[in-house]
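Below are the chains, spelled out letter by letter.
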Number of protein chains: 2
Amino acid sequence: MGAGEFDLIARIRARVATRADVVLGIGDDAALLAPPPGRQLVVTADTLNDGVHFPRGTSPADIGWKALAVNLSDLASMGAEPAWCTLSLSLPQSDPAWIEGFLDGFLALAGQHGIALVGGDTTRGPLSISVTAMGLVEPGQALRRDGARVGDEVWVTGTLGDAAGGLALLDREPVPALRARLDRPTPRVAAGRALAGIATACVDVSDGLLADLGHIASRSRVAAQVEVDALPMSETLRAAFDAATRTALQASGGDDYELCFTAPLEARAGIDAVSTQLGLRITRIGRITAGEGVHPVDAQSQPWSSRRRGYDHFAEH
Amino acid sequence: MGAGEFDLIARIRARVATRADVVLGIGDDAALLAPPPGRQLVVTADTLNDGVHFPRGTSPADIGWKALAVNLSDLASMGAEPAWCTLSLSLPQSDPAWIEGFLDGFLALAGQHGIALVGGDTTRGPLSISVTAMGLVEPGQALRRDGARVGDEVWVTGTLGDAAGGLALLDREPVPALRARLDRPTPRVAAGRALAGIATACVDVSDGLLADLGHIASRSRVAAQVEVDALPMSETLRAAFDAATRTALQASGGDDYELCFTAPLEARAGIDAVSTQLGLRITRIGRITAGEGVHPVDAQSQPWSSRRRGYDHFAEH
């Protein structure tokens, strides 16, 4: 068979870690799993395509990391504990070195979060990676988009705009710290777990803060006011761009994979405790009001406008 | 946003059926599911790429059907009951008519099997469809590849070679009945469920009988003898090809999505009962012996050889 599909699968199988609840992993028609009793299952699927979701020339290890990271980020935003995943990998041709590099990144992140790769397929086609991730959550504890209430405050983890800044500088003057945020996003799994029971609604920032917060607003049938000058910024971003560009990147840039969530005022102490415990900056950036839509305001409480509020994979820009 | 990603998702969401165990379906960062207590979870993922897994020009409805069918077939081969699935759809451009056609086929088959589409994503890229399907099975009842025992007989459902025959005639003299087997395969879900507790090992015929039976042989550490003249044949295939070509199509053609399984002699009556109950032909085609590999023999018990035993997505042909 040469370096055919079955060899590829054997190569992957030889490298994956397992878990006690994986009855049967890679190598049969399907995986067989034993979910723990009394937990709910959280399932998400995200695809990365060459040149769309990562710049052409991104290293295989970074692609592998990011393919899993974007899915772990969805589990994080639900407050779920990662458990299992599948991987569908389309490659133009068999390329053992590429596969090994891809697995380096994918499995390094999988190991950090104890998620087991249990199945999938490898096919011939333009480079594309589809991952489905499964996690577990206690019944009633999942963080949804539809739980924001009038009077809640809006919060975000980490800093915003770094990944979009890295992308903007890609062909001009690459900044390694920003490029790392683009290529190796950190899914906020521990934060999502800690915020279950504290946050009223949560979303991960994949398409841009204003766009993603818009999902909370529409699903919760409320409005969100966002103070754009309160958006958390890294020193690297501050040094690399002028003020107007920075703010646009923070408000509308995609690929940060931070968590944006809402919580009542009385949750402030709990959120501070999570921040301290995880060593993770968590910043209050706005509040939930009656109405609809997301309303960015500047330091003078005047409306702030951006032509481009978020990344729409099919919109004409 | 025009006909952007969020509209596509809304379009899909408006059409999907749900189930009582879907706590939260399409529209959040992830789906939230409540697995029934005491069941094991069966998970499989398969991708279809344009021009690789279906001929260019295949109708969107047929592509939708097949994308789900190949995954349901994997659940069937495990003896699992279909429950939920995710869909990752990459399209070169937004195309509402294409999406509606795709959903016609996908959801028609989903409805037949009571499987709920609970999440996924739509992205820009070359046409590619990745589906992850989840099913449920009683602990210990899953049909695996590694359970075949020396002395078992080898069986197959339905007829073989029709899909490969349809593909072979595609550009010459299309035969609708064969083309239908290629475009709209029938996943043998009810047969898989009925065979749980009867069969000792099972695989679905996606890459070709000899190749797929080879997985049972290698995982079970046994050999399989297959009487090529006993392979079940449709009258349509008989009429369309000469004897040598027919046999090659039956033994090595892919895309039939029948179930090939092993069972002890004493299971014959039970298999007959399943066949009668389901109105589905089930044919004894060989036996399991000590050794390794799959050994096709002709009517004179002489070795039968084929240069191409199955479809390897990366091999050079």
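Treat the numbers as computed from the prediction; the structure is a model and nothing was measured.

Q: Which residues make up the relation of the copies chain A and chain B, and what values go with them?
A: Overlaying chain A on chain B yields an RMSD of 0.0 Å, the required transformation being a rotation through 180° with an accompanying axial translation of 0.0 Å. Read as a symmetry element, the transformation amounts to a two-fold axis. When the interface residues of chain A are mapped onto chain B, 100% of them are again interface residues, pointing to one common binding face.

Q: Got a sec to walk through the interface of chain A and chain B? Specific residues and values, please.
A: With 67 residues of chain A in contact, the opposing surface of chain B contributes 67 residues. Summed over both sides, the interface of chain A with chain B buries roughly 5500 Å², with 55% coming from carbon and sulfur. Linking chain A to chain B there are 4 salt bridges. A salt bridge links aspartate 28 of chain A to arginine 145 of chain B; the nearest nitrogen and oxygen atoms lie 3.8 Å apart. The tally of links between chain A and chain B comes to 30 residue pairs in polar contact (both at pLDDT 80 or more).

Q: Which residues make up the sheet that holds strand β1 (residues 22–24) of chain B, and what values do they have?
A: What the 6 strands build is an open sheet, ordered β5(A)-β4(A)-β6(A)-β3(A)-β2(B)-β1(B); its pairing is mixed. Every other strand in the sheet has two partners, leaving β5 (116–124) of chain A together with β1 of chain B as the edge strands with one partner each. For this sheet, the mean angle separating the axes of adjacent strands, direction not counted, is 20°. The pairing of strand β4 (residues 81–91) of chain A with strand β6 (residues 128–137) of chain A spans 9 bridges and is classified as antiparallel. Across the sheet, the residue bridging to leucine 87 of chain A is valine 131 of chain A, located in β6 of chain A. The strands that helix α2 (residues 60–77) of chain A touches are β3 (40–49), β4 and β6 of chain A; relative to β3 of chain A, the one it contacts most, it runs at about 145°.

Q: Please set out unusual backbone geometry residue by residue, giving values where relevant.
A: The phi angle at tyrosine 257 of chain A is positive, at roughly 55°, despite the residue not being glycine. In this fold, tyrosine 257 of chain A is placed in the loop between α9 (243–252) and β10 (259–263). Given the relative accessible area of 7%, tyrosine 257 of chain A is considered buried. We note that arginine 221 of chain B has phi near 55°; this positive angle belongs to a residue other than glycine. The exposure class assigned to arginine 221 of chain B is exposed, which follows from its relative accessible area of 74%.

Q: Just give me the short version of the pattern of salt bridges, but keep the residues and values in it.
A: Residue and element names in this part refer to chain B. Enumeration over the complete set of coordinates arrives at 44 salt bridges over all chains. In this structure, aspartate 104 and arginine 15 form a salt bridge, with 2.8 Å as the shortest nitrogen-oxygen distance. Of this pair, aspartate 104 sits in helix α3 (residues 96–113) while arginine 15 is found in helix α1 (residues 5–15), placing the two residues 89 residues apart along the sequence. Among the ionic pairs, arginine 144 bridges to aspartate 146, the shortest N-O distance being 3.0 Å.

Q: Break down the UniProt feature "binding site: substrate" (unreviewed entry) in chain A for me, citing the residues and quoting the values.
A: Residue and element names in this part refer to chain A. Sites flagged by UniProt as "binding site: substrate" (unreviewed entry) map to His53, Asp255 and Tyr311. Mapped onto the elements, histidine 53 comes out in the loop between β3 and α2. At a separation of 2.8 Å, a polar atom in the side chain of histidine 53 contacts the main-chain amide nitrogen of asparagine 49.

Q: Pulling in residues and values, what's your account of the packing of helix α2 (residues 60–77) of chain B against α3 of chain B?
A: Residue and element names in this part refer to chain B. The geometry of α2 relative to α3 is characterised by a closest axis approach of 6 Å and an angle of 35° between their N-to-C directions. When you trace α2 past α3, the crossing you get is right-handed. Touching Pro60, Ala61, Ile63, Gly64, Trp65, Leu68, Ala69 and Leu72 of α2 are Trp98, Gly101, Phe102, Gly105, Phe106, Ala108, Leu109, Ala110, Gln112 and His113, all from α3. Across the contact of α2 with α3, the residue classes tally to 13 nonpolar, 5 polar and no charged.

Q: Any chance you could break down the UniProt feature "binding site: Mg(2+) 5" (unreviewed entry) in chain A for me, citing the residues and the numbers?
A: Residues and elements named next belong to chain A. Cross-referencing UniProt, the feature "binding site: Mg(2+) 5" (unreviewed entry) maps to Asp207 in the present numbering. Along the chain, aspartate 207 falls in the loop between β8 (201–204) and α7 (209–220). By relative accessible area, aspartate 207 is classed as buried at 9%.

Q: Now, about the side chain of aspartate 46 of chain A: what can you tell me, with residues and values included?
A: Structurally, the position occupied by aspartate 46 of chain A is in strand β3. The side chain of aspartate 46 of chain A sits in the buried core without any salt bridge; arginine 145 of chain A is the nearest counter-charge, 8.5 Å away. Excluding anything up to four places from it in sequence, aspartate 46 of chain A contacts Val70, Asn71, Asp74, Ile129, Ser130 and Val131 of chain A together with Ser88 and Asp121 of chain B.

Q: Tell me about the state of the cysteines, and name the residues and values.
A: All names here are of chain A. Evaluation of the coordinates by the stated rule reveals 0 disulfides over all chains. We note that cysteine 202 lacks a disulfide partner, and the nearest cysteine sulfur, in cysteine 260, lies 7.6 Å from it. For cysteine 202, a relative accessible area of 0% puts it in the buried group.

Q: Pulling in residues and values, what's your account of helix α3 (residues 96–113) of chain A?
A: All names here are of chain A. Across its 18 residues, α3 extends 25 Å between first and last C-alpha, which sits within 8% of the 26 Å expected from 1.5 Å per residue. Looking at α3, one finds that the buried residues are Trp98, Ile99, Gly101, Phe102, Leu103, Gly105, Phe106, Leu107, Leu109 and Ala110. Of the residues trailing α3, glycine 114 is marked for its positive phi of about 60°.

Q: Help me get a handle on the sheet that holds strand β2 (residues 31–33) of chain A, residues and values and all.
A: An order of β1(A)-β2(A)-β3(B)-β6(B)-β4(B)-β5(B) is seen for the 6 strands of this open sheet, with the pairing classed as mixed. Each end of this open sheet is capped by a strand with a single partner; those strands are β1 (22–24) of chain A together with β5 (116–124) of chain B. Sheet twist, expressed as the mean angle between neighbouring strand axes with direction ignored, is 20°. Packed on one face of the sheet, α2 of chain B meets β3 (40–49), β4 (81–91) and β6 (128–137) of chain B and runs near 145° to β3 of chain B.

Q: Explain the environment of arginine 149 of chain A residue by residue, including any values.
A: All names here are of chain A. By the secondary structure assignment, arginine 149 is in the loop between β6 and β7 (153–157). Distance from arginine 149 to arginine 287, taken between C-alpha atoms, is 9.6 Å for residues 138 residues apart in sequence. Of note is the side chain of arginine 149, whose polar atom sits 3.5 Å from the backbone oxygen of glycine 147.

Q: Give a description of the packing of aromatic side chains that names residues and reports values.
A: Residues and elements named next belong to chain A. Evaluation of the coordinates by the stated rule reveals 6 aromatic pairs over all chains. Aromatic side chains phenylalanine 102 and phenylalanine 106 sit 5.8 Å apart centroid to centroid with 25° between the ring planes, which places their arrangement in the stacked category. A residue pair is termed a helical-turn pair when its members lie 3 or 4 positions apart in one helix, as phenylalanine 102 and phenylalanine 106 do in helix α3 at 4 residues. For phenylalanine 102, a relative accessible area of 0% gives the class buried. With relative accessibility at 0%, the residue phenylalanine 106 sits in the buried group. Ring pairing ties together the aromatic residues Trp98, Phe102 and Phe106, which thus form one cluster. Stacked on the ring of tryptophan 155, the Lys or Arg arginine 284 has its end atom at 5.9 Å from the ring centre.

The rules we used
Residues numbered from 1 in each chain as written. Chains lettered and ligands numbered in written order. Predicted model: local features only at pLDDT ≥ 70, side-chain atom pairs only at ≥ 80, totals over all residues. Heavy atoms only, no water. Least-squares fit on C-alpha atoms with pLDDT ≥ 70 in both. Contact = heavy atoms within 4.5 Å. Buried area = accessible area lost by both parts, 1.4 Å probe. Salt bridge = Lys/Arg side-chain N within 4 Å of Asp/Glu carboxyl O. Polar contact = N/O pair within 3.5 Å; in protein donor to acceptor, adjacent residues only side chain to side chain. Pairing = 2+ DSSP bridges. Helix = DSSP H or I, 4+ residues; strand = E, 2+ residues; numbered from the N terminus. Axes fitted to C-alpha atoms, helices over the stretch in contact; angles between N-to-C directions. Buried < 20%, exposed > 50% of the residue type's maximum accessible area, 1.4 Å probe, protein only. UniProt positions renumbered as here; feature names shortened; annotations may be inferred. Left-handed = near helix turned anticlockwise from the far one by under 90°. Nonpolar A, V, L, I, M, F, W, Y, C, P; charged D, E, K, R; others polar. Lys, Arg positive; Asp, Glu negative; His and termini not counted. Disulfide = S-S within 2.5 Å. Expected span 1.5 Å × (residues − 1). Phe/Tyr/Trp six-rings, centres within 6.5 Å; stacked < 30°, edge-to-face > 60°. Lys NZ or Arg CZ within 6 Å of the ring centre and 35° of its normal.

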